[in-house]
Structure formats: C-alpha cells, structure tokens
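# Residue-level structural notes
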Amino acid sequence: MSTSDGYRAFGMMPASQVHASCELRWWMEGTTVPEGLAFPYRLLMEVGFSGEDTLRLLLPDKVVEIVGEQLDPLRQGFMRQRVTVVQQWTPLVWRAKPTGETIVGRITVAR
C-alpha cells in the first residue's frame, strides 16, 4: 500500500462493494520487515472505539487494538466491510508523517 506520494493508513473497496477479508500490517521493532494477519469479515464480531484514536476489533480468538489519529473513517470502513488493508505508520518506511489524515500508530493483537 505504499504509494509514491506517501503513507496511506488503509485501503478500501469502492462504495458498492464488500470485501471478504482484511489484512493488518505492522513492522517488526526497528525494522522495515512487515508482520501481520488477515481475517475474514465473517469472523469480525464487533468494532469498538474510544474517541477517534482507538479501535478494538473483536474476533473469536483475539482482540486487535488499533491506536492512532483520526480513526473514524477507518471505523466506518470496517463497519461497512470495505477495508481491505490497514498499515501502521513508521518513519523507517515513510519519511514524512502525514498531517490531518488517518494515521495508524500501533496495532496490537491480544490472544
């Protein structure tokens, strides 16, 4: 999802389409090596939120916490099952941190 013009926190399907799964990406500490997981939307039981900076995805065997800035568009995308990929921002991959946009600062998986 890295684009020539910089970081994008998430990718979405067009408004008329629903996607079957979503991939979450974060980076191994201090590296540019991605880690992640993908889950089918049929297993997404709940999307919780605290303000616009924390989302919690409840899956049958884990809770995924996404912390960042301006996450409301991402929450809405999850609720409509249109988000195909979410990625954490890191200065090791993208030099400039975007301003005024959705930024994923941390993805944590609790099993």
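Attention in this report is confined to the structure presented alongside it.

### A look at the packing of aromatic side chains
Evaluated as defined, the whole model comprises 3 aromatic pairs. Ring geometry for Tyr7 and Trp94: centres 4.9 Å apart, planes at 70 degrees, overall edge-to-face. In this pair, Tyr7 sits in the segment before β1 (10-12) while Trp94 sits in the loop between β7 (83-87) and β8 (103-110), placing the two residues 87 residues apart along the sequence. When its relative accessible area of 5% is taken as the criterion, Tyr7 is described as buried. Summarising the aromatic geometry, the rings of Trp27 and Trp94 are spaced 6.0 Å apart at their centres and angled 70 degrees between planes, so their arrangement reads as edge-to-face.

### Considering the nonpolar core
Note on soluble globular proteins: their nonpolar side chains tend to be buried together. Membership of the largest hydrophobic core comes to 27 residues, with the highest contact counts inside it found for Leu24, Phe39, Ile66, Leu74, Phe78 and Val86. Broken down by secondary-structure element, the contributors of at least two residues to this core are β2 (21-27), β3 (34-40), β5 (54-59), β6 (62-69), α1 (72-79), β7 and β8. Per-element tally for this core: the top contributor is β2, with 4 residues.

### So, the pattern of salt bridges
For the structure shown, the criterion picks out 5 salt bridges. One salt bridge in this structure joins Lys97 and Glu69, with 3.6 Å as the shortest N-O distance. Of this pair, Lys97 sits in the loop between β7 and β8 while Glu69 is found in strand β6, placing the two residues 28 residues apart along the sequence. A residue is classified by how much of its surface remains accessible, and Lys97, at 42% relative accessible area, is partly exposed. Given the relative accessible area of 37%, Glu69 is considered partly exposed. Its salt-bridge partner being Asp72, residue Arg75 comes within 2.6 Å of it at the nearest N-O pair. Highlighted residues: Arg75 and Asp72, both in helix α1, separated by 3 residues, approximately one helical turn. Accessibility expressed as a relative area gives 21% for Asp72, which makes it partly exposed.

### Points about the sheet that holds β5
The 4 strands are arranged β4-β5-β6-β8 in an open sheet whose pairing can be described as antiparallel. At either end of the open sheet lies a strand with only one pairing partner, and these are β4 (46-50) and β8. Each strand axis lies, on average, 20 degrees off the axis of its neighbour in the sheet, ignoring direction. In this structure, β4 lies alongside β5, joined through 5 bridges in antiparallel fashion.

### A look at the sheet that holds β1
A sheet is described by the order of its strands in space; here 4 strands give the open sequence β1-β7-β2-β3, paired in mixed fashion. Since the sheet does not close on itself, it has two edges, and those belong to β1 and β3, each with one partner. Averaged over all pairs of adjacent strands, the angle between their axes in this sheet comes to 10 degrees, without regard to strand direction. Pairing of β2 with β7, which is carried by 3 bridges, proceeds in the parallel orientation. When the bridges of β7 are listed, Leu24 appears paired with Val86.

What counts and what doesn't
Residues numbered from 1 in each chain as written. Predicted model: local features only at pLDDT ≥ 70, side-chain atom pairs only at ≥ 80, totals over all residues. Heavy atoms only, no water. Phe/Tyr/Trp six-rings, centres within 6.5 Å; stacked < 30°, edge-to-face > 60°. Helix = DSSP H or I, 4+ residues; strand = E, 2+ residues; numbered from the N terminus. Buried < 20%, exposed > 50% of the residue type's maximum accessible area, 1.4 Å probe, protein only. Core = buried A, V, L, I, M, F, W, Y, C linked by side-chain atoms within 4.5 Å. Salt bridge = Lys/Arg side-chain N within 4 Å of Asp/Glu carboxyl O. Pairing = 2+ DSSP bridges. Axes fitted to C-alpha atoms, helices over the stretch in contact; angles between N-to-C directions.

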